[in-house]
Amino acid sequence: MADDEERRESPKERHDRELIELLNELRVALPGVQVLFAFLLAVPFARGWSKVTGFEQDVFFVAFMAAAASSALLIATSSIHRIGWRVTNKEKIVATGNVLTLLGLFALAVAIVSVVLVVTDYIFGRTAAIAASASVAALIAVTWYGLGLVLREER
């Protein structure tokens, strides 16, 4: 039996529930991206920064910008909800928020993989950095996206 059939909720009730679920999911993702972004803000001012290579600076910048983009995308749904409070169709907020959340999580994945790449390159060298960042990218691809797609198909 489909989830909607089991609940027997009206479209308005479903949209209200879906929006609450989406905002709760964002509460899980946001602290992680905010901590990562704060870490990245501090790195260039650390004493060892002058020793990084051009490659490491470039990868750091990708991580920094991806973390900033992820923050903006993940926070956007709350802002849209506040601006459209009691006016905007919640179904549209949920649909838009879903897309923004998926994009925000993708940007967060880019930031995480980039941070692993730059830190590992700095500590152990390029070969270890590529292996470590590829492993983290694979883990994210499987757990964040692959499992969701498999479970979606089993519906």
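Quick caveat: nothing in here was measured; it's all calculated off a predicted structure.

Parameters at a glance
- Residues numbered from 1 in each chain as written.
- Predicted model: local features only at pLDDT ≥ 70, side-chain atom pairs only at ≥ 80, totals over all residues.
- Heavy atoms only, no water.
- Helix = DSSP H or I, 4+ residues; strand = E, 2+ residues; numbered from the N terminus.
- Rg over C-alpha atoms; globule rule 2.2 N^0.38 Å.
- Buried < 20%, exposed > 50% of the residue type's maximum accessible area, 1.4 Å probe, protein only.
- Lys, Arg positive; Asp, Glu negative; His and termini not counted.
- Charge placed at Lys NZ, Arg CZ, Asp CG, Glu CD.
- Axes fitted to C-alpha atoms, helices over the stretch in contact; angles between N-to-C directions.
- Parallel < 35°, antiparallel > 145°, perpendicular 65-115°, else oblique.
- Left-handed = near helix turned anticlockwise from the far one by under 90°.
- Contact = heavy atoms within 4.5 Å.
- Patch = residues over 30% accessible without salt bridge, like charges linked within 9 Å, V, L, I, M, F, W, Y side chains within 5 Å.
- Areas by Shrake-Rupley, 256 points an atom, 1.4 Å probe, with all protein chains shown as cover.
- Salt bridge = Lys/Arg side-chain N within 4 Å of Asp/Glu carboxyl O.
- Expected span 1.5 Å × (residues − 1).
- Polar contact = N/O pair within 3.5 Å; in protein donor to acceptor, adjacent residues only side chain to side chain.
- Bend = angle between axes of the 7 residues up to and from the residue.
- Phe/Tyr/Trp six-rings, centres within 6.5 Å; stacked < 30°, edge-to-face > 60°.
- Lys NZ or Arg CZ within 6 Å of the ring centre and 35° of its normal.

Caption draft 1: Quick peek at the overall build of the protein. For the protein, the count of helices and strands is five helices and zero strands. Walking the protein from its N terminus toward its C terminus, one meets helices and strands in the order α-α-α-α-α. Against the compact-globule benchmark of 15 Å for 155 residues, the protein has a radius of gyration of 19 Å, which places it well outside the compact range. With the C-alpha coordinates of the protein rotated into their principal frame, the extents come out at 60 × 35 × 15 Å. Of all 155 residues assigned to the protein, the portion counted as buried reaches 30%. Charge-centre separation for the protein: the mean point of 15 positive side chains lies 8 Å from the mean point of 16 negative side chains.

Caption draft 2: Summary view of the packing of helix 2 (residues 11–42) against helix 3 (residues 54–83). Helix 3 packs onto helix 2 with a crossing angle of 150 degrees between their chain directions and a minimal axis gap of 9 Å. With respect to their mutual orientation, helix 2 and helix 3 come out roughly antiparallel. Crossing of helix 2 against helix 3: the hand is left-handed. Facing L19, L22, L23, L26, A29, L30, V33, F37, L40 and L41 of helix 2, the residues of helix 3 in contact are F60, A63, F64, A67, A68, S70, S71, L74, I75, T77, S78 and H81.

Caption draft 3: Broad picture of a nonpolar patch on the surface. A surface patch of nonpolar side chains, amounting to about 520 Å² of accessible area, comprises F39, V119, Y122, I123 and F124. In terms of residues, the nonpolar patch owes the most to one element, helix 4 (residues 90–124), which gives four residues. Following the sequence through the fold, F124 ends up in helix 4.

Caption draft 4: Seen up close, helix 4. Here helix 4 contains 35 residues, and its C-alpha end-to-end distance of 49 Å stays within 8% of the 51 Å for a straight helix at 1.5 Å per residue. Two or three places before E91, at the start of helix 4, stands the capping residue N89, its side-chain oxygen 2.8 Å from that residue's backbone nitrogen. Just downstream of helix 4, G125 is the residue with a positive phi angle, here 105 degrees.

Caption draft 5: Region of interest: the pattern of salt bridges. Here the structure, examined in full by the defined rule, presents six salt bridges. For R126, the salt bridge is made with D121, and the minimal N-O distance between the two is 2.8 Å. Several salt bridges share partner residues, and in doing so they unite E9, R17 and E21 into one network.

Caption draft 6: Summary view of helix 5 (residues 126–154). Compared with an ideal rise of 1.5 Å per residue, which puts 29 residues at 42 Å, helix 5 spans 40 Å between its outermost C-alpha atoms and is within 8% of the ideal. Its maximal kink placed at G146, helix 5 deviates by approximately 35 degrees. Within helix 5 the residues assigned to the buried category are A129, S133 and I140. On its buried face, helix 5 sits against helix 4.

Caption draft 7: Molecular detail of the side chain of H81. You can see H81 is positioned in helix 3. Taking relative accessible area as the criterion, H81 reaches 14% and is therefore assigned buried. Polar side-chain contacts of H81 include one of 3.4 Å to the side chain of R82. In this view, H81 contacts L19, L23 and I93; residues no more than four positions away in its chain are not counted.

Caption draft 8: Spatial organisation of the packing of aromatic side chains. The full count for this structure, using the stated rule, is four aromatic pairs. With a centroid separation of 5.4 Å and an interplanar angle of 25 degrees, the aromatic rings of F37 and F64 are classed as stacked. Here the residue F37 occupies a position in helix 2, and F64 occupies one in helix 3, the gap between them amounting to 27 residues. Taking relative accessible area as the criterion, F37 reaches 22% and is therefore assigned partly exposed. A residue is classified by how much of its surface remains accessible, and F64, at 21% relative accessible area, is partly exposed. Members of the aromatic cluster, joined through ring pairs, are F37, W49, F60 and F64. Against the face of F55 rests R126, its NZ or CZ located 3.8 Å from the ring centre.

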